[in-house]
Amino acid sequence: MSDRVTIAQVAEEAGVSAMTVSNVLNSKPGASDDTRRRVMEVVERLGYVPNVSARGLKAGRTGLVGVLTLDLTIQYGLEIVRGIADELASVEFEALINASYHDSSRERERIEFLTRGLVDGLLMIAPVLEDQTISLLRKRKIPTVIIDPRRIDVDLPRVTVDNYQGTRGAAQHLIDLGHRRIAYIGGNLDLESSTIRYEGFRDAMRLAGLPVDEDMVAYCDFSYVSGFRTASRIIEEHRPTAIMTGADLIAFGAVDAARKQGLSVPEQLSVVGFDDLPQAAQSYPGVTTVRQPLHDMGQTAVRALMSIIDGNAPLMEHMHMPTSLIVRGTTAPPERG
């Protein structure tokens, strides 16, 4: 076994991420002077030498991975990209990051561009993935891993989360608090994850012997504005005691919609999100939500992709990751009266 010092060992010794070490070594911005000094001290002490030939130049490889995300402005995708970047840095690869902005034609155009010998593999975050796009991927024979696909029947290595148990557990939390009039606002219905999340909510209600009021079930874009607008209508027309949502951005909108109508959260309306974006912990009150391990999803996808690039099969074709309920300040028992 080689005694060569790796970038991961330098990162562990310096107490930083592999991506930070890579940024320091490549003189990229983002690290403080103290961090740079600490990293370079560890590099010199351990005798680390960048491995410019092992992966990047071997067998004509580029040392680059294409990352095609749905949007470069949404925190959900950025958290996954952060996990991808950390893991790629640990194996001394770099990312070429592009966005499709939910446009299937642009998605194919970006795939065409990236697979012209620019990258050794492709990671796609919540892609549209039309049949024509899947055919293109097969034609190009590029190692590919899909993260959070819109369709769960995609015959490609993919990373998903347990959407069903996530919303079922969140709904049970509201039921256990004593809520009976629970509204549900899901995300875009062209994503199978949205359907699965609603099934988890619905089954929790039915197993508790509670009816699902279809008048209090709605779907909207994964956005604050859509969440605010949809929640405002449901609160005004039906006055639920709790709202379960299919995304944190929708939940943020629901919290503000309640406040605009003079309701206090959580005393008069409980709200639950899904994702656990950083803002969910930073807002006041902190938002109770279902945590997707977004950073870990990115890292897991990279490990699977590197296995394929190295000529091996991924450990699993379908990597299904657990969710967990994070209880914060937007849920409480309903008002008595």
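Just so you know, these numbers come straight off a predicted model, no measurement behind them. (Residues numbered from 1 in each chain as written. Predicted model: local features only at pLDDT ≥ 70, side-chain atom pairs only at ≥ 80, totals over all residues. Heavy atoms only, no water.)

Draft legend 1. Expanded view of the overall build of the chain. Helix and strand content of the chain: twelve helices and twelve strands. The proportion of buried residues among the 337 residues of the chain is 53%. Considering only intrachain contacts with a sequence separation of at least 6, the fraction spanning at least 24 residues in the chain is 71%. About 15,400 Å² of surface is accessible on the chain, with carbon and sulfur atoms providing 51% of the total. Mean positive and mean negative side-chain charge positions of the chain (36 and 44 charges, respectively) differ by 2 Å. (Helix = DSSP H or I, 4+ residues; strand = E, 2+ residues; numbered from the N terminus. Buried < 20%, exposed > 50% of the residue type's maximum accessible area, 1.4 Å probe, protein only. Contact = heavy atoms within 4.5 Å. Areas by Shrake-Rupley, 256 points an atom, 1.4 Å probe, with all protein chains shown as cover. Lys, Arg positive; Asp, Glu negative; His and termini not counted. Charge placed at Lys NZ, Arg CZ, Asp CG, Glu CD.)

Draft legend 2. Representation of the layout of surface pockets. Taken as a whole, the second largest pocket spans an internal volume of roughly 370 Å³. If you trace the second largest pocket, you find 21 residues lining it, with Leu70, His102, Asn188, Leu191 and Phe222 closest to the centre. Its residues assigned to classes, the lining of the second largest pocket comprises nine nonpolar, five polar and seven charged. (1 Å grid on protein atoms, 1.4 Å probe; cavity = no way out; pocket = protein on both sides within 12 Å on 5 of 7 lines; lining within 4 Å. Points joined across faces, edges and corners; volume = space filled by probe spheres on them. Nonpolar A, V, L, I, M, F, W, Y, C, P; charged D, E, K, R; others polar.)

Draft legend 3. Broad picture of unusual backbone geometry. Each neighbour pair has its own omega, and for Val265 with Pro266 the value is 15°, a cis peptide bond. Take Pro266: it is sitting in the loop between α10 (248-260) and β9 (270-275). Along the chain, Tyr284 connects to Pro285 via a cis peptide bond; the corresponding omega equals -5°. Positionally, Pro285 belongs in the loop between α11 (278-282) and β10 (288-291). Here Ala126, not a glycine, exhibits a phi torsion of approximately 45°, which is positive. Mapped onto the fold, Ala126 is located in the loop between β3 (121-125) and α6 (131-140). Residue classification places Ala126 among the buried positions, given a relative accessible area of 6%.

Draft legend 4. Looking closely at α6. Looking only at α6, the buried set comprises Thr133, Ile134, Leu136 and Leu137. The buried side chains of α6 occupy one side of the element, clustering within an arc of 155° when seen end-on. Away from the buried face of α6 by more than 90 degrees, exposed residues Asp131, Gln132 and Lys139 are located. Tucked into the core, α6 has its buried residues touching α5 (104-114), β3 and β4 (144-147). The positive-phi residue at the C-terminal boundary of α6 is Lys141, with phi of around 55°. (Arc of directions from axis to C-beta.)

Draft legend 5. Representation of the side chain of Arg197. Within the secondary structure, Arg197 sits in helix α8 (residues 192-207). Asp275 is the oppositely charged side chain nearest to the buried, salt-bridge-free Arg197, at an N-O distance of 4.6 Å. Once residues within four sequence positions are removed from consideration, Arg197 is found in contact with Asn163, Thr167, Tyr184, Phe222, Gly246, Phe274 and Gln292. (Salt bridge = Lys/Arg side-chain N within 4 Å of Asp/Glu carboxyl O.)

Draft legend 6. Main features of the packing of aromatic side chains. Applying the stated rule across the entire model yields six aromatic pairs. Geometrically, the ring pair formed by Tyr198 and Phe201 is tilted, given 6.2 Å between the ring centres and 40° between the ring planes. Taken together, the residues span about one helical turn, with Tyr198 and Phe201 both in helix α8 at a distance of three residues. Exposure remark for Tyr198: the relative accessible area of 11% places this residue in the buried category. Using a relative accessible area of 1% as the deciding quantity, one classes Phe201 as buried. Three or more aromatic residues joined by ring pairs form one cluster here, namely Tyr184, Tyr198, Phe201 and Tyr219. Here the guanidinium or amino end of Arg197 rests over the ring plane of Phe274, the centre of that ring lying 3.8 Å away. (Phe/Tyr/Trp six-rings, centres within 6.5 Å; stacked < 30°, edge-to-face > 60°. Lys NZ or Arg CZ within 6 Å of the ring centre and 35° of its normal.)

Draft legend 7. The arrangement of the nonpolar core in detail. Formed by 28 residues in total, the largest nonpolar core has its most connected members in Val65, Tyr76, Ile80, Ile84, Leu123, Ile125 and Met297. Looking at this core, the elements with two or more residues in it are β1 (64-69), α4 (75-90), β3, β4, β5 (158-161), α12 (294-309) and β11 (318-321). Here this core gets eight residues from one element, more than from any other, and that element is α12. When near neighbours in sequence (up to four residues on either side) are disregarded, Met297 contacts Ile80, Ile147, Asp148, Val159, Val161, Gln292 and Met321. Residues Met216, Ile234, Ala257 and Ala280 belong to the second largest nonpolar core, which totals 23 residues. (Core = buried A, V, L, I, M, F, W, Y, C linked by side-chain atoms within 4.5 Å.)

Draft legend 8. How the structure looks around the pairing of strand β2 (residues 94-99). Note: β1 against β2, six bridges, orientation parallel. When the sheet's bridge partners are listed, Gly66 is paired in β2 with Leu96. Tracing the backbone out of β1, into α4 and back to the parallel element β2 gives a crossover that is right-handed. (Pairing = 2+ DSSP bridges. Right-handed = clockwise from strand over helix to strand, strands pointing away.)

Draft legend 9. Here's a closer look at the confidence of the model for the chain. Per-residue confidence for the chain gives a mean pLDDT of 90, with 95% of residues at or over 70. Considering only residues more than four positions removed or in separate chains, one finds that residues 52-57, a stretch of pLDDT under 50, has ten contacts. (pLDDT = per-residue confidence, 0-100.)

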